[in-house]
Amino acid sequence: MLNEFKDFIAKGNVMDMAVGIIIGAAFTAIVSSLVADLINPIIAIFTGGIDFSGWYYVIGGDASAYASITEAEEAGASVFAVGRFIMAVVNFFIIAFVVFMLVKMVNRIKAAAEKPDEVAPEVDSGPSQLDVLLEIRDSLKKS
(Lines give C-alpha, C1' and ligand atoms only; values in the text may rest on other atoms or scores of the structure.)
Protein backbone atom coordinates (compact mmCIF):
# COMPACT_ATOMS: atom_id res chain seq x y z
CA MET A 1 0.00 0.00 0.00
CA LEU A 2 2.88 2.36 0.74
CA ASN A 3 4.37 1.73 -2.71
CA GLU A 4 1.01 2.43 -4.36
CA PHE A 5 0.77 5.70 -2.43
CA LYS A 6 4.31 6.63 -3.47
CA ASP A 7 3.47 5.88 -7.12
CA PHE A 8 0.28 7.95 -6.84
CA ILE A 9 2.10 10.95 -5.36
CA ALA A 10 4.90 10.73 -7.94
CA LYS A 11 2.48 11.01 -10.86
CA GLY A 12 2.56 14.30 -12.71
CA ASN A 13 -1.19 14.89 -12.35
CA VAL A 14 -0.98 14.97 -8.56
CA MET A 15 1.87 17.46 -8.63
CA ASP A 16 0.01 19.61 -11.16
CA MET A 17 -3.06 19.52 -8.92
CA ALA A 18 -1.01 20.50 -5.86
CA VAL A 19 0.52 23.44 -7.70
CA GLY A 20 -2.94 24.47 -8.89
CA ILE A 21 -4.34 24.40 -5.35
CA ILE A 22 -1.46 26.48 -3.99
CA ILE A 23 -1.75 29.04 -6.79
CA GLY A 24 -5.54 29.04 -6.33
CA ALA A 25 -5.18 29.88 -2.64
CA ALA A 26 -2.82 32.74 -3.44
CA PHE A 27 -5.15 33.91 -6.21
CA THR A 28 -8.08 33.91 -3.77
CA ALA A 29 -6.17 36.27 -1.48
CA ILE A 30 -5.55 38.61 -4.41
CA VAL A 31 -9.20 38.54 -5.47
CA SER A 32 -10.37 39.11 -1.89
CA SER A 33 -8.12 42.16 -1.67
CA LEU A 34 -9.32 43.37 -5.07
CA VAL A 35 -12.94 43.15 -3.96
CA ALA A 36 -12.46 44.55 -0.44
CA ASP A 37 -9.95 47.28 -1.27
CA LEU A 38 -10.90 48.37 -4.78
CA ILE A 39 -14.38 47.24 -5.80
CA ASN A 40 -16.20 47.81 -2.49
CA PRO A 41 -15.23 51.49 -2.32
CA ILE A 42 -16.40 52.01 -5.91
CA ILE A 43 -19.71 50.27 -5.15
CA ALA A 44 -20.02 52.36 -1.99
CA ILE A 45 -19.74 55.54 -4.07
CA PHE A 46 -22.71 54.47 -6.21
CA THR A 47 -24.77 53.19 -3.26
CA GLY A 48 -24.28 56.25 -1.06
CA GLY A 49 -21.46 54.93 1.10
CA ILE A 50 -22.92 51.55 2.04
CA ASP A 51 -20.21 49.13 3.13
CA PHE A 52 -21.46 45.72 2.05
CA SER A 53 -19.04 43.79 4.23
CA GLY A 54 -20.67 45.27 7.36
CA TRP A 55 -24.26 44.82 6.16
CA TYR A 56 -26.02 42.40 8.48
CA TYR A 57 -29.21 41.70 10.36
CA VAL A 58 -29.53 40.20 13.81
CA ILE A 59 -32.15 37.48 13.78
CA GLY A 60 -34.43 37.63 16.78
CA GLY A 61 -32.79 40.72 18.20
CA ASP A 62 -31.90 44.35 17.66
CA ALA A 63 -29.02 45.03 15.24
CA SER A 64 -28.59 48.54 16.61
CA ALA A 65 -27.46 47.05 19.92
CA TYR A 66 -24.19 46.07 18.26
CA ALA A 67 -21.64 48.41 16.70
CA SER A 68 -20.44 45.89 14.13
CA ILE A 69 -21.05 42.42 12.79
CA THR A 70 -18.00 41.16 14.69
CA GLU A 71 -19.40 42.50 17.96
CA ALA A 72 -22.77 40.85 17.28
CA GLU A 73 -21.10 37.52 16.53
CA GLU A 74 -18.92 37.73 19.65
CA ALA A 75 -22.03 38.40 21.74
CA GLY A 76 -23.52 35.17 20.39
CA ALA A 77 -26.32 36.78 18.38
CA SER A 78 -27.69 35.01 15.33
CA VAL A 79 -26.35 37.10 12.47
CA PHE A 80 -27.68 37.14 8.90
CA ALA A 81 -24.54 38.44 7.11
CA VAL A 82 -25.94 39.78 3.84
CA GLY A 83 -22.79 41.76 3.05
CA ARG A 84 -20.49 38.79 3.33
CA PHE A 85 -22.71 36.85 0.94
CA ILE A 86 -22.71 39.71 -1.57
CA MET A 87 -18.92 39.89 -1.38
CA ALA A 88 -18.69 36.11 -1.89
CA VAL A 89 -20.86 36.43 -5.01
CA VAL A 90 -18.72 39.33 -6.30
CA ASN A 91 -15.57 37.27 -5.61
CA PHE A 92 -17.07 34.34 -7.50
CA PHE A 93 -17.85 36.44 -10.58
CA ILE A 94 -14.38 38.00 -10.59
CA ILE A 95 -12.69 34.61 -10.24
CA ALA A 96 -14.96 33.08 -12.88
CA PHE A 97 -14.18 35.93 -15.30
CA VAL A 98 -10.43 35.65 -14.76
CA VAL A 99 -10.52 31.85 -15.16
CA PHE A 100 -12.59 32.29 -18.33
CA MET A 101 -9.98 34.69 -19.72
CA LEU A 102 -7.15 32.30 -18.80
CA VAL A 103 -8.89 29.33 -20.45
CA LYS A 104 -9.60 31.44 -23.52
CA MET A 105 -5.92 32.45 -23.72
CA VAL A 106 -4.73 28.85 -23.27
CA ASN A 107 -7.13 27.64 -25.97
CA ARG A 108 -5.87 30.33 -28.34
CA ILE A 109 -2.26 29.28 -27.68
CA LYS A 110 -3.16 25.60 -28.18
CA ALA A 111 -4.92 26.38 -31.46
CA ALA A 112 -1.92 28.34 -32.70
CA ALA A 113 0.43 25.49 -31.75
CA GLU A 114 -1.73 22.85 -33.45
CA LYS A 115 -2.31 24.88 -36.60
CA PRO A 116 -0.30 23.36 -39.46
CA ASP A 117 2.21 25.58 -41.17
CA GLU A 118 0.84 27.27 -44.22
CA VAL A 119 1.77 25.25 -47.25
CA ALA A 120 3.01 27.34 -50.13
CA PRO A 121 1.06 26.73 -53.32
CA GLU A 122 2.82 24.45 -55.73
CA VAL A 123 4.55 26.27 -58.52
CA ASP A 124 4.41 24.69 -61.95
CA SER A 125 8.03 23.81 -62.59
CA GLY A 126 7.44 22.50 -66.06
CA PRO A 127 7.00 18.96 -67.31
CA SER A 128 8.20 16.09 -65.17
CA GLN A 129 10.79 13.57 -66.34
CA LEU A 130 8.02 11.12 -67.10
CA ASP A 131 6.21 13.71 -69.25
CA VAL A 132 9.40 14.39 -71.23
CA LEU A 133 10.05 10.66 -71.76
CA LEU A 134 6.47 10.09 -72.90
CA GLU A 135 6.77 12.99 -75.33
CA ILE A 136 9.99 11.56 -76.74
CA ARG A 137 8.40 8.16 -77.10
CA ASP A 138 5.39 9.60 -78.88
CA SER A 139 7.56 11.61 -81.27
CA LEU A 140 9.67 8.53 -82.07
CA LYS A 141 6.53 6.53 -82.85
CA LYS A 142 5.45 9.17 -85.37
CA SER A 143 8.69 9.11 -87.26
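Up top is the structure these notes are about.
This is a predicted model, so every value here is computed, not measured. (Residues numbered from 1 in each chain as written. Predicted model: local features only at pLDDT ≥ 70, side-chain atom pairs only at ≥ 80, totals over all residues. Heavy atoms only, no water.)

Draft legend 1. Region of the structure containing the overall build of the protein chain. Of the regular secondary structure elements, the protein chain holds five helices and two strands. By the compact-globule yardstick of 15 Å for 143 residues, the protein chain is too spread out, its C-alpha radius of gyration being 34 Å. When the backbone C-alpha atoms are referred to their principal axes, the protein chain occupies close to 120 × 55 × 25 Å. Long-range contacts, defined here as pairs at least 24 residues apart, represent 48% of the contacts in the protein chain between residues at least 6 apart. Put simply, the protein chain shows about 11700 Å² of open surface, and 67% of that area lies on carbon and sulfur atoms. Both charge centroids of the protein chain, one from 10 positive and one from 17 negative side chains, sit 14 Å from each other. (Helix = DSSP H or I, 4+ residues; strand = E, 2+ residues; numbered from the N terminus. Rg over C-alpha atoms; globule rule 2.2 N^0.38 Å. Contact = heavy atoms within 4.5 Å. Areas by Shrake-Rupley, 256 points an atom, 1.4 Å probe, with all protein chains shown as cover. Lys, Arg positive; Asp, Glu negative; His and termini not counted. Charge placed at Lys NZ, Arg CZ, Asp CG, Glu CD.)

Draft legend 2. Fine view of the packing of aromatic side chains. Counted under the stated rule, the structure contains one aromatic pair. Between Phe92 and Phe93 the ring centres are 5.4 Å apart and the planes differ by 65°, which places this aromatic pair in the edge-to-face class. Under the relative-accessibility criterion, Phe92 is labelled exposed at 53%. (Phe/Tyr/Trp six-rings, centres within 6.5 Å; stacked < 30°, edge-to-face > 60°. Buried < 20%, exposed > 50% of the residue type's maximum accessible area, 1.4 Å probe, protein only.)

Draft legend 3. Representation of the pattern of salt bridges. Inspection of every chain in the model, using the stated rule, returns two salt bridges. Arg84 is paired through a salt bridge with Glu73; the nearest N and O atoms lie 2.6 Å apart. Of this pair, Arg84 sits in helix H4 (residues 82–114) while Glu73 sits in helix H3 (residues 69–74), and the two are eleven residues apart along the sequence. Residue class for Glu73 comes out partly exposed when judged on its relative accessible area of 36%. Its salt-bridge partner being Asp138, residue Arg137 comes within 3.2 Å of it at the nearest N-O pair. (Salt bridge = Lys/Arg side-chain N within 4 Å of Asp/Glu carboxyl O.)

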